[in-house]
Amino acid sequence: MTVREAGDFDVEAIREDFPILEREFDGTPLVYLDNAATTHTPEPVVDAIVEYYERYNANVHRGLHHLSQEASVAYEEAHDRVAEFVGASGGRQELIFTGNTTESENLVAYAWGLNELGPGDEVVLSEMEHHASLVTWQQIAKKTGATVRYIRVTDDGHLDMDHAKELIGSDTKMVSVLHVSNTLGTINPVADLADLAHAEDALLFVDGAQAAPNRPVDVEAIDADFYAFSGHKMAGPTGIGCLYGKKQILEDMEPFNYGGEMITKVTFDDATWNALPWKFEAGTPKIAQGIALAEAVDYLDEIGMEAVARHENELAQYALERLDEFDDIETFGPPAGQERGGLVSFNLGSVHAHDLSSILNDYAVAIRAGDHCTQPLHDKLGVAATARASFYIYNTREEIDVLIDAMDDARELFG
């Protein structure tokens, strides 16, 4: 039975759609707990990719033949479907396909930031930002003379909203924050931050890479001006990301990537731009990936995003409970009992996270180790690296038990 037939959230039924989970290493079943980096891809999404290449592979918007028309319709409808998934009523005009969340950040930073920021202007981030946001706005600030300021993170892993109210003021032009922290699991109050930003005529950019895959997202309820996420973290293919933007803002922005498809008319002296979203999708676009991403959001919607969020939180809470059984394990982010995204970062005594990850790999347990592209946050936490277990729709409590058992052996190995 597949999840599509089951009707309810059934982990075992879901697992049947992911053949990679059947892999074994030296006879030991794979336990994949690195989903915050990349999730696996279910058969219906793989089938959508295969069908495109076997049945109607052609470039879009450039041919009158049947294949091009079929590909164009599927690609355009994919924009509408993904826009619907995140609550964007403007459809394809408000949903741009990019390469990933990082590219979406750069698109806004270069197409909006270079033109709108200057000396005296401020961009407000948080101390928990992913490098995709932090480095991008940091470098744009250097180019424009703007200043970057950071909302503090409290000892329990939350944003200091009193500090946010102090920072976001008349000089603020952009507030860019994570919806869910990829290191702490914190779910940030992005709608409240939108209110603070808009009260000062600033814009809000939300990095939804760790939120769109595992909880209901309504960009209009949040009142986000921009919202970015990646397909490979939400059961979709690699090489595809999305940028939601309010239509009027996108229309006012200049493109920063030039070439074919994004133009309406070209002369030897000038050019005019295509309609949304195509003016931001220069060159041959991510056709197969976009179509497959639409299939992925169909798949997730059939499970139900409320159920996905509940399942991930339950796994994170169980992992915290198991990890808290041991005095030599330090966890980071909101404590047990507080809702969080489906991940837990931790350290085992004096064992470096990289060494721990290597030992766990011998038990076919896949986790992440390092700074998770949040070096400044790790500096604030006073650690060079953390181990991170992150969960998705196909993970189980039993797999967390395997993780804990393997860590017991690692503890003995390192003394």
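Calculation rules
Residues numbered from 1 in each chain as written. Predicted model: local features only at pLDDT ≥ 70, side-chain atom pairs only at ≥ 80, totals over all residues. Heavy atoms only, no water. Core = buried A, V, L, I, M, F, W, Y, C linked by side-chain atoms within 4.5 Å. Buried < 20%, exposed > 50% of the residue type's maximum accessible area, 1.4 Å probe, protein only. Contact = heavy atoms within 4.5 Å. Helix = DSSP H or I, 4+ residues; strand = E, 2+ residues; numbered from the N terminus. Arc of directions from axis to C-beta. Salt bridge = Lys/Arg side-chain N within 4 Å of Asp/Glu carboxyl O.

K.L.:
Explain the nonpolar core to me, and be specific about the residues and the numbers.
P.N.:
Phe-97, Leu-193, Tyr-227, Met-234 and Ile-393 are the most contacted members of the largest nonpolar core, which has 75 residues in total. Discounting residues that sit within four places of it in the chain, Leu-193 has contacts with Ile-151, Leu-159, Met-161, Ala-164, Ile-168, Val-177 and Leu-204. In terms of nonpolar packing, the next biggest core, distinct from the first, is built from 29 residues, Leu-320, Ile-329, Ala-385 and Ile-404 among them.

K.L.:
Can you tell me about helix α8 (residues 190-199), naming the residues and giving the values?
P.N.:
Along α8, the residues that are buried comprise Val-190, Leu-193, Ala-194, Leu-196 and Ala-197. Angularly, the buried residues of α8 cover 165° about the axis, an arc narrow enough to put them on a single face. Opposite the buried face of α8, at more than 90 degrees from it, the exposed residues are Asp-195 and Ala-199. Looking at the packing, one finds that the buried side of α8 touches β6 (147-151), α7 (161-167), β7 (172-178), β8 (203-207) and α9 (219-222).

K.L.:
Please provide a residue-by-residue account of the pattern of salt bridges, values included.
P.N.:
By the definition in use, this model includes 19 salt bridges. Glu-399 is the partner of Arg-15 in a salt bridge, and the nearest nitrogen-oxygen pair spans 3.3 Å. Of the two residues, Arg-15 is situated in helix α2 (residues 11-15) and Glu-399 in helix α15 (residues 397-414); the sequence distance between them amounts to 384 residues. In this structure Arg-15 comes out as buried when scored by relative accessible area, which is 17%. Taken together, the salt bridges that share partners define one network made up of Arg-81, Glu-84, Asp-298 and Asp-301.

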